[in-house]
Amino acid sequence: MGDVIFLPAFILLLGAGLLAILPNYARLPIIVLAPVLALASILGMDENLRLTTGFLSYQVVLIENSGLRSLFAMSFTLVLLAGLLYVADTASKLELVAAMAYGGAAVGLSFAGDLLVLFLFWEFMLIFSAILVFGAGTEAARRAGMHYVILQLLGGLLLKVGSEAISMQTGSVDIRTLTLDSIGAWLILAAVLLNAAALPLSVWFTRVLPAASPEAAIFLAVFTTKTAVLAAALLFAGSGVLLLFGALMILYGALYGLREDNIRKLLAYSVVSQGGFMLCGIGVGTPEAMTAVGVFAVVHIFAMTLLLMGAHTIARTTGSESITELGRLGNRLPLTRLMMALGGLATLVVPATSGLLVATANSAVSGMSYFLVPAAALTVLHTGYKLPWRLFHYNAGQPGEAREVGLLHRLLMLYVALPVVVLLLVPQFLTMPFTRPPEALLQIEQLAYLVGVLFIGSMVIWGQQDRMSRPDSIGVDFDHVYRVWLLSLWQLFMRGLTRVVDQGMIFVNGPLRRIPESWFEYHGPHGPLARTWATGSMLVWVTLILAILLIGARFMMA
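Okay, so let's go over this structure. Computed from a prediction, not measured in an experiment: that's the story for all the values here.

### A closer look at the overall build of the protein chain
Piece 1. A tally of regular secondary structure across the protein chain gives 21 helices and two strands.
Piece 2. Looking at the 558 residues of the protein chain, the share that counts as buried comes to 53%.
Piece 3. A separation threshold of at least 6 residues defines the contact pool for the protein chain, and within that pool the share at least 24 residues apart is 81%.
Piece 4. Of the roughly 25400 Å² of accessible surface on the protein chain, 69% is carried by carbon and sulfur atoms.

Written as structure tokens, this is what we have:
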């Protein structure tokens, strides 16, 4: 058990604890030292390490290493270090503690070897991420946080019940590829899809990211959704149902992102859309597709961190996150413009764009290109056009007091951008931890198709750009179904139930009440049946009743 203390997740959790109790002057050393030691622990792990330990009455697999797991864990640790240093001077102590613990839980989940450990770190992530959401202290953050906690508790419940069902069915809770032939597997899939922000419950993510503080958003955009992608890759590779959910997420995120005005909310829709590409690749399940998913996910972790660093700079220096209120920020924020443009390109996996997944899916699923390539084009339009162009060049907004970040923040942006650049230019760099590298990127005809769709879409957007990103527009999202329609149906049901109860009470207090009163009137101490009768009258009545009984019995026997 002593070795457990030196595992990466526990190093980060211990760092969060020290950060909470030590004075502020010790903040920076802990912020640097804990992630560095965790990264060193990850790099020092044996490739096939499998560590079991006792927990309550269970023997759990605390660590199970593989190339994919360590790749995600290293990415989480690197962006955690960059994010903590980036917001150290503006974030509250509570946010820093929660962010480090949140990252530690994400790293622990990456190495979880069985469903019980997966559940434990899943719940740790919920606790610390909820603290980050509520930490903004606004009414919007409170509402979004309650929405988030309720859905995440539902996801945790689904995961726990599904794990118990799998344990009863197979006698094991080890993490392995599951087939969707049991209720337990379906419940676990539902939990994973919920955390991945899949439809129809994606709205928790698109509400949480803009409602949290700009500092907290840097961490919230990465850990929960990407650990869900990793869990899907480990548990459901090759499950065709993921193709459906992935396709819906791609279209949903791309179309809603095109009309969004808030910078962070646009990025939230971008995360959902890109997560759809990853789920499509996992649904295909071939070695090429899984390699593409791994490369895409790691690139996206760094790219989204870079984009939200830029969003943090804009929010803190201008006081606004509205694309229509801002504009022509390029001259005042040249480095931020460059970094956000680079992050936008990275989310598209340029130079192969989203074709890194498109191509691999094409080789395995007939007809997938006819959907994925136009979907990739839509993604280019909102992440590659709206942020770099409309925010920094096109709009005639008022940049206000926009100013570039300090030297440390610039270096941190470059630090996050370095792996992005490497992976853009040499995507094969990350193929080593996987089975084998992808055999094809975009084919010439696919690239031509993509360029054609981009050209047509760009012309449409250019003609309608004055109508895009209107802050006064009202969008109806999927939460409208259960937050408005179902609520209205519930209120209608309650009004009907109340009316039925009221009518019942009227009946109880009216005709129904008269029944015992009438009975008491005739049978009570003063009623006619309670008075003294003459013996002759009594004999007449007894004789009459006996005759009726005898006649009735005769007919029944006949």
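Having seen it, we continue.
### Description of the packing of aromatic side chains
Piece 1. In this structure the tally under the stated criterion is ten aromatic pairs.
Piece 2. The interplanar angle of 65° and the centroid separation of 6.1 Å between the aromatic rings of Phe72 and Phe76 together place this pair among those described as edge-to-face. With a gap of four residues between them, Phe72 and Phe76 both fall in helix H3 (residues 67–87), about one helical turn apart.
Piece 3. Overall, Phe76 belongs to the buried group, its relative accessible area being 0%.

### Some thoughts on unusual backbone geometry
Piece 1. The amide bond that connects Leu199 to the next residue, Pro200, takes the cis arrangement and shows omega of 5°.
Piece 2. In this structure, Pro200 sits in the loop between helix H7 (183–195) and helix H8 (203–211).
Piece 3. A positive phi is found at Ala197, a non-glycine position, where the angle reads about 65°.
Piece 4. Mapped onto the fold, Ala197 is located in the loop between H7 and H8.

### A look at the side chain of Glu123
Piece 1. Its place among the elements puts Glu123 in helix H5 (residues 115–134).
Piece 2. The side chain of Glu123 is buried and forms no salt bridge, while Lys160, the nearest opposite charge, is found at 10 Å.
Piece 3. Look past the residues within four positions of Glu123 in its chain and what remains in contact with it is Leu153 and Gly156.

### As for a nonpolar patch on the surface
Piece 1. Taken together, the side chains of Trp490, Phe493, Met494, Leu497 and Val501 define a hydrophobic patch exposed on the protein surface, amounting to about 490 Å² of accessible area.
Piece 2. As for its position among the elements, Met494 is in helix H19 (residues 479–509).

### Some remarks on the environment of Asp89
Piece 1. Topologically, Asp89 is positioned in the loop between H3 and helix H4 (93–110).
Piece 2. In this structure the C-alpha to C-alpha distance between Asp89 and Leu28, which are 61 residues apart in sequence, comes to 9.9 Å.

### Focus on H5
Piece 1. Taking 1.5 Å of rise per residue, the 20 residues of H5 would be expected to cover 28 Å, and the 28 Å separating its terminal C-alpha atoms lies within 8% of that figure.
Piece 2. Among the 20 residues that make up H5, 14 are buried, leaving the element largely enclosed by the rest of the structure.
Piece 3. One side-chain oxygen at the N-terminal end of H5 lies 3.1 Å from the backbone nitrogen of Leu116; it belongs to Asp114.

### As for the pattern of salt bridges
Piece 1. Counting across every chain of the model gives five salt bridges.
Piece 2. For Arg50, the salt bridge identified is with Glu64, shortest N-O distance 3.2 Å. Of this pair, Arg50 sits in strand S1 (residues 50–55) while Glu64 sits in strand S2 (residues 58–64), and the two are 14 residues apart along the sequence.
Piece 3. Note that Arg142 is salt-bridged to Glu139, the shortest N-O span being 2.7 Å. Here Glu139 and Arg142 lie together in helix H6 (residues 139–170), a separation of three residues that amounts to about one turn.
Piece 4. What makes Arg142 partly exposed here is its relative accessible area of 40%.
Piece 5. Among the residues examined, Glu139 registers a relative accessible area of 43% and is labelled partly exposed.
Piece 6. Within this structure, Arg50, Glu64 and Asp174 form a network of salt bridges that share partners.

Rules behind the numbers
Residue positions are given per chain, counted from 1 along the sequence in the order it is written. Side-chain atom pairs in this predicted model are given and counted only at pLDDT of 80 or more, local residue features only at pLDDT of at least 70, and totals for whole chains, interfaces and linings cover all residues. Side-chain measures here rest on the full set of heavy atoms in the structure, leaving out hydrogens and waters. The numbering of helices and of strands both runs from the N terminus, where a helix is a DSSP run of H or I of at least 4 residues and a strand a run of E of at least 2. Exposure categories follow from relative accessible area, calculated using a 1.4 Å probe and restricted to protein chains: below 20% of the type maximum is buried, above 50% is exposed, and the middle band is partly exposed. Every residue pair with non-hydrogen atoms within 4.5 Å of one another is taken to be in contact. Areas reported as accessible are Shrake-Rupley estimates using a 1.4 Å probe. Residue values count occlusion only from the protein chains shown. For Phe, Tyr and Trp, where Trp contributes only its six-membered ring, two rings pair if their centres lie within 6.5 Å, and the inter-plane angle classes them as stacked under 30 degrees, edge-to-face over 60, or tilted in between. Neither His nor the chain termini are counted; the positive set is Lys and Arg, and the negative set is Asp and Glu. What makes a salt bridge here is a side-chain nitrogen of Lys or Arg within 4 Å of a carboxyl oxygen of Asp or Glu, nothing more. Note that patches include only residues with greater than 30% relative accessible area and no salt bridge, and the join distances are 9 Å for like charges and 5 Å for nonpolar side chains (Val, Leu, Ile, Met, Phe, Trp, Tyr). One less than the number of residues in a helix, times 1.5 Å, gives the span that helix is expected to have. Residues adjacent in sequence count toward polar contacts only when both atoms are side-chain atoms; beyond that, a polar contact is any pair of N or O atoms within 3.5 Å, and within protein one must be able to donate a hydrogen and the other to accept it.

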